[in-house]
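Below are the chains, spelled out letter by letter.
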Amino acid sequence: MDQIYIRPIGFAPNPQSDEGEAIRLAGGMVYASRFAVISRRDGAVIQREVVSPSSIADALARQPDDVAAEGERQWAALGFAHPPLQLGERTVRLDQPQIMGILNVTPDSFSDGGAFLDDPEVGQTHAAAMLEAGAALVDIGGESTRPGAAAVWEGDEIERVKPATEYCANMGAAISIDTRRPAVMEAALDAGAHMINDVSALRHDPRSLEIVARAGVPVVLMHAPGEGEALHADGAYTNVVLDVFDWLKARRDAAIAAGIARENILLDVGIGFGKSLADNLALLNALPLFHALGQPLLLGASRKRMIGALSNEAPAEDRLGGSLALAVAGMNAGVQMIRVHDVAATVQARNVWRGLRDAALTDFSEMVF
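In this report, we go over the structure that sits alongside the text.

Side chains of residues three or four places apart in an α-helix project in the same direction, reflecting 3.6 residues per turn. Along its 13 residues, helix α10 (residues 320-332) runs 18 Å from first to last C-alpha, staying within 8% of the 18 Å computed at 1.5 Å per residue. Inspection of α10 places S323, L326, A327, G330 and M331 among the buried residues, and these make up the whole buried set. All buried residues of α10 lie within an arc of 150° about the axis, which places them on one face of the element. Structurally, α10 contributes buried residues whose contacts are with α8 (277-285), β13 (297-299), α9 (305-309), β14 (337-340) and α11 (343-360).

In structure tokens:
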């Protein structure tokens, strides 16, 4: 069967600037006015047509019935306004970009490994600073998933994340737990976590699907091409953007089939996981397409290796500028959640970005007197 993809390719500062020919992308602060309708057969793109909101119906009518039905679902998803996430007592709205602060309690993470593991007071102070700076939630991880990192026994991972979860819960924080192991998920949820962020998209252990469904909590499904302990392996793509789109669609459907509520599913393209620099750049440029899957999107590109590759091999601690550039790229694509190490700087960038977006809604240069 042919596959169809509707990719936003033209953007407007406000819905009035294109005389009604713009839609509000995923209920956020980004407006799209031109779209590429892409058809693929056996992995190869066979057709590409540029359309507007007023011509999309005609373009889909020329497709076979089953393909047209999928196109209509994607078109509806592109304009769907996502309800807020309820994380404990905190409500996280998804009509603007939200910042997720990273708290690594590991000895070997690529950026800040060991900094917050041995001294809980240091970790607690860092978490409090991120929340005060404007983080909507804290993402706690007890296992490094960088290439070549050693696997962690789940008992050790629990010992790392449980105290951090407890002290963040005592602050009243909204908490995400970054893990792929079901026992760690259960322990963290019992300690006060509200959300699961799984780099294996709930594939590492089949029990994970059941645990998340039973708990009724939001979950992030991230793309990684490998399996087991080799998440970075098997990164061979026919078309990295469309292949990742299809993979995330399949994982979304598997999660729904397992009883996870659709409104609790977020998706992440997995920057840096089994992907070359060219792959990462292609995905970042194509992020608006992924709204057609109908789920909120998370972007995790903070301090990643691709920034060093584009900036004279700058070490992780010197990648703030690149991290902010990628965060703003995510905001311009309508991404709802940005996962970062440098919360204060990213929140400031988001606030300025939002100020520009708000002002564009009443841009006097678009008004006719």
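Back to the write-up after that little detour.
Scanning all chains against the criterion turns up 2 cavities of 30 Å³ or more. Empty space within the largest cavity amounts to approximately 80 Å³. Surrounding the largest cavity, 14 residues form its lining, G28, M29, Q96, G334 and V335 being those nearest its centre. Taken as a whole, the second largest cavity encloses approximately 30 Å³ of empty space. Lining the second largest cavity are L299, A301, S302, S323, L326, A327, I338, R339 and V340. Counting residues per element, the ones that place at least two in the lining of the second largest cavity are α10 and β14. Partitioning the lining of the second largest cavity into residue classes produces 6 nonpolar, 2 polar and 1 charged.

Let's shift gears to unusual backbone geometry. The residue A201 is not glycine, and still its phi comes out positive at about 55°. Relative to the elements of secondary structure, A201 occurs in the loop between β10 (195-198) and α6 (207-215).

Thresholds, definitions, all that
- Residues numbered from 1 in each chain as written.
- Predicted model: local features only at pLDDT ≥ 70, side-chain atom pairs only at ≥ 80, totals over all residues.
- Heavy atoms only, no water.
- Helix = DSSP H or I, 4+ residues; strand = E, 2+ residues; numbered from the N terminus.
- Expected span 1.5 Å × (residues − 1).
- Buried < 20%, exposed > 50% of the residue type's maximum accessible area, 1.4 Å probe, protein only.
- Arc of directions from axis to C-beta.
- Contact = heavy atoms within 4.5 Å.
- 1 Å grid on protein atoms, 1.4 Å probe; cavity = no way out; pocket = protein on both sides within 12 Å on 5 of 7 lines; lining within 4 Å.
- Points joined across faces, edges and corners; volume = space filled by probe spheres on them.
- Nonpolar A, V, L, I, M, F, W, Y, C, P; charged D, E, K, R; others polar.

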